[in-house]
Amino acid sequence: MSKVRVYQLAKELGMSSKELINKLAELDITVTNHMSALEEETADILKELYEVKREDTNEKTENKKKTNKKGSKNKKTKEASKIEEKEHDQEAIMIPETIVVQEFANKIGKSVSEIITKLIGLGVFASANQNIDYDVAASIALDFGMAVQKEEEKEEDEFGIEEIPDRPEDLKERPPVITVMGHVDHGKTSLLDAIRNTNVTSREAGGITQHIGASEVEVNGKRIVFLDTPGHEAFTSMRARGASITDIAILVVAADDGVMPQTKEAISHAKAAGVPIIVALNKIDRPNANPDRVKQELSENGVLIEEWGGDTICVPVSALKGEGIDNLLEMILLVAEMQELKANPNKLASGTVIEAKLDKSRGPVATILVQNGTLKVGDSIVAGAVYGRIRAMVNDKGNNIKKAGPATAVEILGLSDVPEAGDRFNAVKEDKLARQIVEKRRAKIREESLNATAKVSLEDLFKHI
Ligand code: GTP
Ligand code: MG
């Protein structure tokens, strides 16, 4: 009997692979990922099931499916309503720890008197301007058949930066951030050149990448952000940083060279960061390319590719000849789709400093990845122990831009000093706040280094007693 891949079926059903996997789980069918194979019979049942679901919501087609499969129809309808319930769950109303009656009424679309009546029923006497607790509000909302969720309290870090958790309804799809990793000279930059149609490799000093380069491409109308990393052994921390801010790691392995020390290191960084790996088996054009040997070596290092019964996608490519690139991009989008990546573009930006330097003519320059929110020219920001006001932003194509949304890598100008690569950055409401936060952070750093020195001298002292 033939089999159907999860992602193929998801496509047919007009849903994401992740949605389908969740729905399969509700039916007690466990699959590992989007590439898992389903029996054709199971796929047929699912197709019918979702036909039925559509029918339930569209009475016009009611007669079409009333066939002899009565028993199964009942079961399916139950499953379908379970699924609907779950979908309803996802639109839960967010309620804080305490809420004013009037505000609560507005939130759930009921009149104040309706709420007060319910409150009296619960033995709570409150007027329109008084506060009620979450538990009380939640039980009233549930009484009205609404789903509720407790709004997490605003958190402030010790330096006063508010990290407000995003409400599900504020989240929008965002592009994936992909880090290209692997051993020196295995073809990471060449692969990105092939993807972007550029030629960065030939411009690099000694053909060696010495920094994390960020670039963007558009595939089938979808933006993908790539971070190149150096393969040279000296750049371990850059690779670790690359892995920690990425959604997917592309592990480039030269088919004529196999798994090498920095390949192993990249595997462990990706695993430590919990990031899925896609293997790009490069240089397949080389006469001495030996893909099977590489696959064997990968399995010995904990990366089991699909062909070998594992979950890791492996795409043979030749960056030099441009072969297999479309397939690789397709797989990237597929894995990204599974992750349902989201961010809130309508708030102050936050993210990570990828690299930073002091430019003779432009002053401190940092390449940052905006991970959430939108960064705008004129915004006040704090990056580690450095503050500033964004004077200009330059994108990967060298163009000046005014704003950068989630999953955008940009070069920023206007910082007071050079931040550390790997530092978190946050846009804040005003310059004054940025300066205050940085002063506190600097004071803390000073205090820590003084303590460290004091400790060392005391230890030294005891050594001599
Ligand atoms: P580092 O950044 O220094 O770690 O190297 P890298 O992994 O970015 O490798 P790079 O792209 O600089 O390529 C190294 C060499 O391999 C260059 O001479 C490329 O032309 C060559 N190369 C890259 N991809 C291919 C390929 O698919 N086939 C062949 N034959 N050569 C390739
Ligand atoms: Mg390179």
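Along each chain, residues carry numbers from 1 onward, in the same order as the chain's sequence is written. As they are written, the chains are lettered A onward and the ligands numbered 1 onward, keeping that order. In view of the model being predicted, local features appear only for residues whose pLDDT reaches at least 70, and side-chain atom pairs are presented and counted only at 80 or more, with totals across whole chains, interfaces and linings using the full set of residues. Neither water nor hydrogens contribute to the side-chain values; these are computed over all heavy atoms in the structure.

Within an unreviewed UniProt entry, the label attached to the protein chain reads Translation initiation factor IF-2, and the organism entered is Crassaminicella indica. Note on the protein chain: under the UniProt heading Function (unreviewed entry), the record states "One of the essential components for the initiation of protein synthesis. Protects formylmethionyl-tRNA from spontaneous hydrolysis and promotes its binding to the 30S ribosomal subunits. Also involved in the hydrolysis of GTP during the formation of the 70S ribosomal complex." Recorded in UniProt under Sequence similarities (unreviewed entry), the annotation for the protein chain is "Belongs to the TRAFAC class translation factor GTPase superfamily. Classic translation factor GTPase family. IF-2 subfamily." UniProt positions are given in the numbering used here, feature names are shortened, and annotations may be inferred rather than shown by experiment.

1. Regarding the environment of G422
In this text, helices come from DSSP runs of H or I with a minimum length of four residues, and strands from runs of E with a minimum of two, each type numbered from the N-terminal end. With respect to the secondary-structure elements, G422 resides in the loop between β24 (408-415) and β25 (424-428). Placed 38 residues apart in sequence, G422 and G384 show a C-alpha to C-alpha distance of 8.8 Å. Note on definitions: a residue-residue contact is assigned when non-hydrogen atoms from the two residues lie within 4.5 Å. Residues contacting G422, with those up to four places away along its chain left out, are R241, T352 and V353.

2. A closer look at the sheet that holds strand β13 (residues 248-254)
Two modes of strand pairing occur in sheets, parallel and antiparallel, and in both the strands are linked by backbone hydrogen bonds. Taken together, the 6 strands give an open sheet; going across it, the order is β11-β12-β10-β13-β14-β15, and neighbouring strands pair in mixed fashion. Each edge of the sheet is formed by a strand with only one pairing partner; in this case those strands are β11 (213-219) and β15 (313-316). The mean angle between the axes of side-by-side strands here comes to 25 degrees, regardless of whether they run parallel or antiparallel. Bridge analysis of strand β14 (residues 277-282) against β15 gives 4 bridges, and the strand direction is parallel. If you follow A280 over to β15, its bridge partner there is V315. Strands were regarded as paired on the criterion that DSSP finds at least two bridges between them. Every axis corresponds to a line fitted to the C-alpha atoms, with the helix fit spanning only the stretch in contact, and the corresponding angles, defined between N-to-C directions, vary from 0 to 180 degrees.

3. Let's talk about helix α8 (residues 188-196)
Exposure classes here rest on a 1.4 Å probe applied to the protein chains alone. A residue is buried below 20% of its type maximum, exposed above 50%, and partly exposed in between. Looking at α8, one finds that the buried residues are K188, T189, L191, L192, D193 and I195. Tucked into the core, α8 has its buried residues touching β10 (177-182), β11, β12 (222-228), β13, β14 and α12 (325-339). At the C-terminal side of α8, N197 shows a positive phi close to 60 degrees.

4. Section: the side chain of T367
Inspection of the secondary structure puts T367 in strand β18 (residues 363-372). The class for T367 is buried, based on a relative accessible area of 15%. Residues within four places of T367 in sequence aside, it is in contact with T352, V353, I354, E355, V410 and E411.

5. A look at the nonpolar core
Of all hydrophobic cores here, the largest spans 29 residues; its most connected members are L191, I224, F226, I250, I278, L328 and I332. Of all the secondary structure elements, the ones that give two or more residues to this core are β10, α8, β11, β12, β13, β14, β15 and α12. Per-element tally for this core: the top contributor is α12, with 9 residues. Leaving out residues up to four positions away in the same chain, L328 has contacts with L191, I250, I278, A280, V315 and V317. Only buried residues count toward a nonpolar core, which is a set of Ala, Val, Leu, Ile, Met, Phe, Trp, Tyr and Cys residues joined through side-chain atoms within 4.5 Å. If you look at the next biggest cluster of nonpolar residues, it comprises 20 residues, including L119, Y134, A138 and M146.

6. Points about the confidence of the model for the protein chain
Residue-level confidence of the predictor is what pLDDT reports, using numbers from 0 through 100. In the predicted model, the protein chain carries a mean pLDDT of 82, and 79% of its residues have values of at least 70. In the predicted structure, residues 59-90 sits below a pLDDT of 50 and forms 30 contacts with residues beyond four places in sequence or in another chain. Reported confidences for the modelled complex are a pTM of 0.66 and an ipTM of 0.99.

7. Here we look at the packing of helix α2 (residues 17-26) against α12
Between two packed helices, both the angle of their axes relative to each other and the distance between the axes serve to describe the pair. One can describe the packing of α2 onto α12 by two numbers: an axis separation of 7 Å at closest approach and a directional angle of 50 degrees. With respect to α12, the axis of α2 lies oblique. Listed contacts from α12 to S17, K18 and I21 of α2 are E337, M338 and Q339. By the convention adopted, Pro, Cys, Tyr, Trp, Phe, Met, Ile, Leu, Val and Ala count as nonpolar, Lys, Arg, Asp and Glu as charged, and the other residues, Gly among them, as polar. In terms of residue class, the contact of α2 with α12 is made up of 2 nonpolar, 2 polar and 2 charged. Each angle is binned into one of four classes, with values under 35 degrees roughly parallel, values over 145 roughly antiparallel, values of 65 to 115 roughly perpendicular, and all other values oblique.

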